[in-house]
Amino acid sequence: MSSASPQPEQYKKRILLVVIGMTPQIVTETLYKLAVDSDPVYIPTEIHLITTQEGANSAEIALLGTTHDQGWFYTLCEDYGIDRDIFKKENIHIIADTEGQFINDNESSEHNKIASNYITNKIKEFTQDSNTSLHVSLAGGRKTMSYYAGYALSLYGRWQDRLSHVLVNYPFMNNKDFFYPRPKAQRFVIDNRHYSTDEANIILSDIPYVRMRYQVPEALLKGTAGFQETVAKIQLFSEPPTVALYLYNRVVVLNGFAVTLTAREFAFYFWFCLRQKENYPPLNLASEAFLKDFANVFERFTSTYSGRFEYIEQLAELTRELPQDSPKEKQAKLKKRKKWFSDTKGKVHTKIRTALGKVFARAFLIETLDEDGSAVYQLDIEADRIEIFRKEYQG
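Every value quoted in this text rests on a predicted model; they were computed, and no experiment measured them.

**Considering the overall build of the protein chain**
- Scanning the protein chain for helices and strands turns up 12 helices and 15 strands.
- A globule of 395 residues ought to have a C-alpha radius of gyration of about 21 Å, yet the protein chain, at 30 Å, is considerably larger.
- Each principal axis of the C-alpha distribution contributes one length, and for the protein chain these read about 105 × 45 × 35 Å.
- Here the protein chain holds 395 residues, and 47% of them are scored as buried.
- Of the contacts formed within the protein chain by residues at least 6 apart in sequence, a portion of 70% connects residues at least 24 apart.
- Total accessible area on the protein chain stands at roughly 20,400 Å², and carbon and sulfur atoms take up 49% of it.
- The distance from the centre of the 48 positive side-chain charges to the centre of the 50 negative ones in the protein chain is 6 Å.

Next up, the structure:
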């Protein structure tokens, strides 16, 4: 991260996302701490809530008010000069099941999957714009809701996104009449004792989290997979690497992730898989015969009359070492073989990294090893974990 990169509070669009249950005070307490009582302040340009139907009803009345009473959100805005347009009724997002029925706090645990997908999709949505910073508060709602929000931010959060938990000291915590410290102190009678809001201490604890966004496959970040499916797919990478090669449509499936390659790229990767299954030693590019070996594999995936195949045959012939070659000529031929190899390997590796992410891709890349001072190459995957299918990959 560059020292010149903007801080979260400097982004043009700043979103505060609060997961709440039946305690709408969390919204005003968090907003007060961020926008009033912090250095530097983080003033949201949008506030969004994720909650259940009951939580939404409670939040709307307490924060936005009724026809007779002004909500506490508007009162806070007046007290501290905050734009009241940053939070509206349509910013209260209610978790609903697949039939559109709203999920209430007393529903069965079957709705956990729906809730996790809903929360994950919202956080995915709010982290798509690179000009946005997101602050997620976990203080409210069912424990599972907070867990899903934190895990979702771990999946999709960027360096400018923050995770926090708000706490208020006794006796103000969970007090239905306390929403934030007002400029002019208020007095409360709690448990037959008198208290002033000057005694209220709101603590906003920053929660460190692992940003997996830069390791998770791009397909999962931009795809439509829900929370459960995303976690299940990531979990696959804790297992030993497994390769499935589908010859018909040239698809390589790596621990469940499909990568479509061109004929030359597929033949190249297939070639290394065959070498592994047949227990060949690591490939040494000093042997000009490797191009002939590759051509024998390549002809299974392309016409021998094609320009692509003819190029390989011609390159093999042009770089074949002859007895009369000088050391300089031998070096030049080796350089050409190495360039072809490097270019092809690079294209295959790029597609695997794009599909799996840089971290997860490592186990499936062709390794460079040192053998007596010379670079040699092999695919470090157990032979019995490489499968070859003479059929089309159906996905």
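Here the narrative resumes, following the displayed structure.
**Things to note about the pairing of strand 5 (residues 162-168)**
- As judged from the three bridges shared by strand 4 (residues 132-137) and strand 5, these two strands associate in the parallel manner. By the bridge assignment, Val-136 is partnered in strand 5 with Leu-163.
- Looking at chain direction, strand 5 and strand 8 (residues 202-206) are connected through five bridges and run antiparallel. Bridging from a neighbouring strand, Leu-167 pairs with Ile-203 of strand 8.

**A closer look at the sheet that holds strand 15 (residues 386-389)**
- Read from one edge of the open sheet, four strands run 11-10-9-15, paired in mixed fashion. Lying at the two open borders of the sheet, with one neighbouring strand each, are strand 11 (257-260) and strand 15. Looking at each pair of strands side by side, their axes are set apart by 20° on average, direction ignored.
- As paired elements, strand 9 (residues 243-246) and strand 15 share four bridges and run parallel to each other. When the sheet's bridge partners are listed, Ala-244 is paired in strand 15 with Glu-387.
- Sheet strands touched by helix 8 (residues 263-277): strand 9, strand 10 (251-254) and strand 15. Its angle to strand 9, the strand with the most contacts, is close to 125°.

**What to know about the packing of aromatic side chains**
- Using the criterion set out here, one finds 33 aromatic pairs in the structure.
- With a centroid separation of 6.2 Å and 80° between ring planes, the pair formed by Phe-172 and Phe-188 is classed as edge-to-face. Residue Phe-172 is located in the loop between strand 5 and strand 6 (187-190), and its partner Phe-188 is located in strand 6; the two are separated by 16 residues in the primary sequence.
- You can call Phe-188 buried: its relative accessible area is 10%.
- These aromatic residues form a ring-pair network of at least three members: Phe-268, Trp-271, Phe-272, Phe-290, Phe-294, Phe-298, Phe-309, Trp-340, Phe-341 and Tyr-377.
- Of note, Arg-84 hangs over the ring of Tyr-74, and the distance from its end group to the ring centre comes to 3.8 Å.
- The cationic tip of Arg-211 hangs over the ring face of Tyr-209; the distance from NZ or CZ to the ring centre is 4.2 Å.

**Things to note about the pattern of salt bridges**
- Tallied over the entire structure, the rule returns 12 salt bridges.
- In this structure, the salt-bridge partner of Asp-37 is Lys-33, at a minimum N-O distance of 2.9 Å.
- The salt bridge involving Arg-158 is made with Asp-161; its shortest N-O contact spans 2.8 Å. Asp-161 shares its class with Arg-158; the two are buried.

**Details of the sheet that holds strand 4**
- If you trace the six strands from one edge of the open sheet to the other, you get 3-2-1-4-5-8, paired in mixed fashion. A strand with exactly one partner marks an edge of an open sheet, and here the two such strands are strand 3 (92-94) and strand 8. Between one strand axis and the next, the sheet turns by 25° as a mean value, whatever way the strands run.
- Of the strand pairs in this sheet, strand 2 (residues 46-51) and strand 3 are connected by three bridges, and their pairing is parallel. Looking at strand 3, one finds that Leu-49 is bridged to Ile-92.
- Taken strand by strand, helix 1 (residues 25-35) contacts strand 1 (13-19), strand 2, strand 4, strand 5 and strand 8, and its axis lies near 80° from that of strand 8.

**Comments concerning the packing of helix 9 (residues 290-298) against helix 11 (residues 327-356)**
- As a packed pair, helix 9 and helix 11 sit with axes 11 Å apart at the nearest point and diverge in direction by 40°. Here helix 9 is positioned oblique relative to helix 11, judged by the angle of their axes. On helix 11, the residues that touch Phe-290, Leu-291 and Phe-294 of helix 9 are Arg-337, Trp-340 and Phe-341.
- Taken together, the residues of the contact of helix 9 with helix 11 sort by class into five nonpolar, no polar and one charged.

**Considering helix 10 (residues 307-318)**
- Taking 1.5 Å of rise per residue, 12 residues should cover 16 Å, and helix 10 covers 16 Å from first to last C-alpha, within 8% of that figure.
- Along helix 10, the positions that sit buried rather than exposed are Phe-309, Ile-312, Leu-315 and Ala-316. All buried residues of helix 10 lie within an arc of 125° about the axis, which places them on one face of the element. In helix 10, the exposed positions angled more than 90 degrees off the buried face are occupied by Gly-307 and Leu-318.
- Residues of helix 10 that are buried in the fold lie against helix 9 and helix 11.

Scoring rules and cut-offs
Residues numbered from 1 in each chain as written. Predicted model: local features only at pLDDT ≥ 70, side-chain atom pairs only at ≥ 80, totals over all residues. Heavy atoms only, no water. Helix = DSSP H or I, 4+ residues; strand = E, 2+ residues; numbered from the N terminus. Rg over C-alpha atoms; globule rule 2.2 N^0.38 Å. Buried < 20%, exposed > 50% of the residue type's maximum accessible area, 1.4 Å probe, protein only. Contact = heavy atoms within 4.5 Å. Areas by Shrake-Rupley, 256 points an atom, 1.4 Å probe, with all protein chains shown as cover. Lys, Arg positive; Asp, Glu negative; His and termini not counted. Charge placed at Lys NZ, Arg CZ, Asp CG, Glu CD. Pairing = 2+ DSSP bridges. Axes fitted to C-alpha atoms, helices over the stretch in contact; angles between N-to-C directions. Phe/Tyr/Trp six-rings, centres within 6.5 Å; stacked < 30°, edge-to-face > 60°. Lys NZ or Arg CZ within 6 Å of the ring centre and 35° of its normal. Salt bridge = Lys/Arg side-chain N within 4 Å of Asp/Glu carboxyl O. Parallel < 35°, antiparallel > 145°, perpendicular 65-115°, else oblique. Nonpolar A, V, L, I, M, F, W, Y, C, P; charged D, E, K, R; others polar. Expected span 1.5 Å × (residues − 1). Arc of directions from axis to C-beta.

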